[in-house]
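Spelled out, the chains give:
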Amino acid sequence: MYGWIGFKKPAIVLQDLDLIKDVCVKHFNSFVDRRVILNFEPPFDQTLLSLFGDHWKRVRSAVSPTFSSGRLKKMSRHVERNVRSLQRVLGQKQERNEEIELKDLMSRFTMDTIASTGFGLDIDTLGDPENAFCVHAKKFINPNMIVALVGIFCPPLCRLLAKFGFSFISSKATYFFEKAIDSALEVRRESGDAGKMHDFLDLMIEAEKEQTEGGEERRHMVDSHAGQALVFILAGYDTVSIVLSFTLFLLAKHPQYQKQVQEELDQKLCDLGPDDAVPGYDSVQGLNFLEQCISEAMRMFPPGLFLDRVCTEEINLAGVKIPKGMPVIIPVYAIHMDPELWEQPHEFRPERFEPEAKESRHQFAYMPFGHGPRNCIGMRLGQLELKIALAMMLRRFDVVPCEKTVYPVKLSKMQVMANDGLWVKLERRAVKS
Ligand code: HEM
């Protein structure tokens, strides 16, 4: 445990895995909130990522049914439809023998999946990267960093800039999504399709009904449905596309593991028929070795480089008094790369996630989705997208390095992004007899 000054405020950094467990689980009630670096404007202050205390608890329990097994199973149809489009695009690239930058392509696929699972919209970012949904969504993900820095170091000036139309997150983009959600809800209600599409919009409409029938918890979600839908973009876009692209890239550089994944797919998905059949929710359960490869990619390249919590009531941790309001930082990337926890941490070794190896390790040595009641609510949706997309691609294609491939990956200093891109080529796998 040590002190650190970040963004002009003191914080405590935890390295001890038992103490991290105390903060995330045992003493969760003293560490419910996340740190606020910037004051967000509505509806961004209403997303699960940034809510506080009891308000967060109510919204979390209202939104949780979106990610239940039953709903995910139905939602997987949207994922499968988008995976089919991805398959078409990959087929064309393979036929033209094109080099592919994985992060760009996987981000486009992920955007299409978000639009359908979160907003009930069919957009085609794979074919048309300049569609309005994608262009506006990128404004959230790549916000105005100058205004952000002003907000961190001089919040009053940031409020003044907002009055003149300069905000951290583009107000045009915010307006676009508020309107998009309102009109999608209206179309859904009028078409009589409510309850049949199995996406987040359906859940909002259900919540509205419960509101009129007096459902207290869901009411909080309706009050902020724009905020909750935006979470699909803010939390589900870069995360999934980072893991998808790094997993494929690592498999391209480690053909022995790629072959092992493909053998598993050939064996466990043989009932699916031809290799252009897209696997669904049930088919991707039990793809153990593929899961090991995804886990190892997330260990080496976790989209969330650190977690944070704020002490919400004074507490004593390992003899140190933590005052109310003190932020606590958990350095995920440093823990995932600690040679005392992971032998040769820079090597891709999926066998680290065999059941016995997992059993013998501290549970908190690995935390790509965080831990405890405030962990990632979209974990199972994210894993479903990853498994369906990877199973489709690796069943049909071999992913191989190309001239532009740079390995080991040189990461950007600010985020999980390969400075030289993640370049590969595809080869059509030999047709199985
Ligand atoms: C591979 C994919 C993903 C990764 C690696 C990931 C990772 C994370 C991490 C590290 C956190 C912070 C957890 C903590 O503080 O303990 C988080 C929170 C969150 N994630 Fe994910 N995420 C992924 C996909 C998604 C998806 C697809 C969605 C939703 C559509 C989503 C929605 C959220 C939300 C709403 C939170 C905040 C939860 C809360 O504060 O209650 N995530 N995610």
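The rules behind each value
- Residues numbered from 1 in each chain as written.
- Predicted model: local features only at pLDDT ≥ 70, side-chain atom pairs only at ≥ 80, totals over all residues.
- Heavy atoms only, no water.
- UniProt positions renumbered as here; feature names shortened; annotations may be inferred.
- Core = buried A, V, L, I, M, F, W, Y, C linked by side-chain atoms within 4.5 Å.
- Buried < 20%, exposed > 50% of the residue type's maximum accessible area, 1.4 Å probe, protein only.
- Contact = heavy atoms within 4.5 Å.
- Salt bridge = Lys/Arg side-chain N within 4 Å of Asp/Glu carboxyl O.
- Helix = DSSP H or I, 4+ residues; strand = E, 2+ residues; numbered from the N terminus.
- Pairing = 2+ DSSP bridges.
- Near = heavy atom within 4 Å.
- Polar contact = N/O pair within 3.5 Å; in protein donor to acceptor, adjacent residues only side chain to side chain.
- Nonpolar A, V, L, I, M, F, W, Y, C, P; charged D, E, K, R; others polar.
- Axes fitted to C-alpha atoms, helices over the stretch in contact; angles between N-to-C directions.

- An unreviewed UniProt entry lists the chain under the name Cytochrome p450-like protein, with Plakobranchus ocellatus given as the organism.
- The Cofactor (unreviewed entry) field of the UniProt record for the chain holds the comment "heme".

## Structural notes on the nonpolar core
Logical step 1: Grouped together as the largest cluster of nonpolar side chains are 117 residues, with contacts concentrated most on Ile-20, Leu-86, Leu-90, Ile-233, Met-393 and Leu-394.
Logical step 2: When near neighbours in sequence (up to four residues on either side) are disregarded, Ile-233 contacts Ile-114, Phe-119, Phe-133, Ala-137, Phe-140, Ile-141 and Phe-177.

## Focus: the pattern of salt bridges
Logical step 1: The full count for this structure, using the stated rule, is 20 salt bridges.
Logical step 2: A salt bridge links Glu-264 to Lys-268, with the nearest nitrogen and oxygen atoms 3.7 Å apart. Linking Glu-264 with Lys-268, this pair stays in helix 13 (residues 255-268), spanning four residues, or about one helical turn.
Logical step 3: Take Glu-264: its relative accessible area is 9%, and that puts it in the buried class.
Logical step 4: In this structure, Glu-347 engages Arg-349 in a salt bridge whose closest nitrogen and oxygen atoms are separated by 2.8 Å.
Logical step 5: Salt bridges sharing common partners tie together Lys-93, Arg-96 and Glu-98.

## Quick look at the UniProt feature "binding site: heme" (unreviewed entry) in the chain
Logical step 1: UniProt records the feature "binding site: heme" (unreviewed entry) for Cys-376 in the present numbering.
Logical step 2: Tracing the sequence through the fold places Cys-376 in the loop between helix 16 (355-359) and helix 17 (379-396).
Logical step 3: A residue is classified by how much of its surface remains accessible, and Cys-376, at 32% relative accessible area, is partly exposed.
Logical step 4: Apart from the residues within four sequence positions on either side, Cys-376 is in contact with Arg-60 and Phe-369.

## Side note on the pairing of strand 4 (residues 307-310)
For a regular strand, the rule is simple: side chains alternate between the two faces of the sheet.
Logical step 1: By the alternation rule, side chains of strand 4 split into Leu-307 and Arg-309 and Asp-308 and Val-310, which are all buried.
Logical step 2: As judged from the four bridges shared by strand 4 and strand 7 (residues 327-330), these two strands associate in the antiparallel manner. Looking at strand 7, one finds that Arg-309 is bridged to Val-328.

## Quick word on the site of the ligand
Logical step 1: The environment of the ligand is made up of 24 residues, and the closest members are Arg-34, Trp-56, Arg-60, Arg-309 and Cys-376.
Logical step 2: A distance of 2.8 Å separates an oxygen atom of the ligand from a polar side-chain atom of Arg-34.
Logical step 3: A distance of 3.5 Å is found between a nitrogen atom of the ligand and a backbone nitrogen or oxygen belonging to Ala-235.
Logical step 4: Here the shell around the ligand takes four residues from helix 11 (residues 225-236), the largest share from any one element.
Logical step 5: A class-by-class count of the residues in the shell around the ligand yields 14 nonpolar, six polar and four charged.

## Quick notes on the sheet that holds strand 9 (residues 423-428)
Logical step 1: Read across the sheet, three strands follow the order 3-9-8 without closing on themselves; strand pairing throughout is antiparallel. Of all strands in the sheet, those bounded by a partner on one side alone are strand 3 (100-101) and strand 8 (397-400).

## Focus: the sheet that holds strand 7
Logical step 1: Ordered by their spatial adjacency, four strands build an open sheet running 1-2-7-4, and the pairing between neighbours is mixed. Of all strands in the sheet, those bounded by a partner on one side alone are strand 1 (2-6) and strand 4. The average angle at which neighbouring strand axes cross in this sheet is 35°, direction not considered.
Logical step 2: Pairing geometry for strand 1 and strand 2 (residues 9-13), over five bridges, is antiparallel. By the bridge assignment for strand 2, Tyr-2 is matched with Val-13.

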